[in-house]
Structure formats: C-alpha cells, structure tokens
Amino acid sequence: SMIGLFRRAAENCSTETLRHFLFQNGLRHPEKPAYQWYDETSGTVTGVSYRELMGDILALGAAFYAHGWKGKNLGIIAGTDYTWVLTFLTCICGDMRALPLDPNLEPEELLRRLNHCGTNLALTDRWIRAALLPHINTEHPSALESTFRFLVADDLKDKTASMPKEAQVKMR
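The following paragraphs examine the structure supplied in this document. Keep in mind it's a predicted model, so treat the numbers as computed, not measured. Numbering of residues begins from 1 in every chain and follows the order in which that chain's sequence is written. Given that this is a predicted model, residues contribute local features only at a pLDDT of at least 70 and side-chain atom pairs are listed and counted only at 80 or more, while totals for whole chains, interfaces and linings are drawn from all residues. Side-chain measures here rest on the full set of heavy atoms in the structure, leaving out hydrogens and waters.

### A look at the environment of asparagine 104
Note that asparagine 104 resides in the loop between strand S4 (97–101) and helix H5 (107–116). Distance from asparagine 104 to isoleucine 77, taken between C-alpha atoms, is 9.0 Å for residues 27 residues apart in sequence. Working definition: helices are DSSP H or I runs of at least four residues, strands are E runs of at least two. Numbering for both runs from the N terminus.

### Quick notes on the nonpolar core
Joining through side-chain atoms within 4.5 Å is the link that ties buried Ala, Val, Leu, Ile, Met, Phe, Trp, Tyr and Cys residues into a set, and such a set is a nonpolar core. Working definition: with a 1.4 Å probe on protein chains only, accessible area under 20% of the residue-type maximum means buried, over 50% means exposed, and in between means partly exposed. Grouped together as the largest cluster of nonpolar side chains are 24 residues, with contacts concentrated most on Leu22, Leu53, Ile57 and Leu74. Looking at this core, the elements that each hand over two or more residues are helix H2 (18–28), helix H3 (50–66), strand S3 (73–77), helix H4 (82–93) and strand S5 (121–124). With 7 residues, H4 is the largest single contributor of residues to this core. Setting aside residues up to four positions removed in sequence, leucine 53 forms contacts with Leu22, Ala34, Val48, Tyr82, Leu86 and Leu89. Ranked by size, the runner-up nonpolar core spans 9 residues in total, among them Ile77, Leu114, Ala122 and Ile136. Whether two residues are in contact is decided by their heavy atoms: any pair within 4.5 Å suffices.

### Points about H3
The first and last C-alpha atoms of H3 sit 24 Å apart over 17 residues, in line with the 24 Å expected at 1.5 Å per residue. The set of residues buried in H3 consists of Tyr50, Leu53, Met54, Gly55, Asp56, Ile57, Ala59, Leu60, Gly61, Ala63 and Phe64. Just beyond H3, the residue with positive phi is glycine 68, at close to 80°. Each helix should span, by expectation, one fewer than its residue count multiplied by 1.5 Å.

Right under this line is the structure:
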C-alpha cells in the first residue's frame, strides 16, 4: 500500500533531510496541502496533498530507475511549475543529482553549464529543447552529442504509462 511505502521510506532516512520531512508529512498529514499553485485556466488555486506528492515522487522515481537513470545528473530547465517541483524533489529524494537552470539563459550558456556539470539528461519544455538542439552539434559537439538526452516535461506521463496504475505520474 502507499502508506506502507511511505513508512518504509521514512524509516530509511535520517531525521535531518528533506526526504524525511516529506515522507513524515506524508504519514502524519496525508491530506494537508503540500504544494499549491494558481491555475490560470480555471482561475482557482489548486494543489496536491502530501499523499499525492509522495505518490508522484515514488512513481517518477520508479520511472527514472526503470529507464536506467539512477545516479545520473539531471538538468532541470523549466519554469517553476509542479513538473519542476516534482522532478527536483524526486532527484533529491532518490539517487540522482538535480541541476536547476534558468530557462531564460541563452542556449549556449545553458549547454555550457550542462556540459560543465556532466549532466546526462535534461528535463525541459518543448520550446526550450527546440532552442537548444541547433546548438548542440556546433558549440558542444563532443560532450553532449552522443550521450546527452532530453526528457520533455509533457512526456513524463507517457514515460510512466506502462507502469502499474499506482506508479503512474499524474501531471497537473
């Protein structure tokens, strides 16, 4: 059960970590809001509870591991929406390193930073990936050409679609 997963995860982390904080709140206050945002489409404030957030973190982490990304360096080049928060928290709660980058930087600077930090893949929005691709083979041919992968935020749901229902990421 989801509560069992929370309990096991909370038992395996130190009391000083953000992971511990998240899992403990998932156990103690599962229905309390963990993250909220303004939805421009509906004109309302919406959000996710600790239970939903922890479920999404576990599901996305499982998808990352299933694709062989455990221990990898992940660049996050996206706005500060739920996808960004979920990806960042999944990295720091799992065995991945997150490199948050400002999507408003010039493409050459973004690629320079990704290359400098040894990033293996980057979560981006489609428009950012489109802006970066023409620069990969010219400014950074050796480092990013063969090993680097882009993961588009819109595709995260698709990456988990083949997993069991309780492990599927619900992108909001």
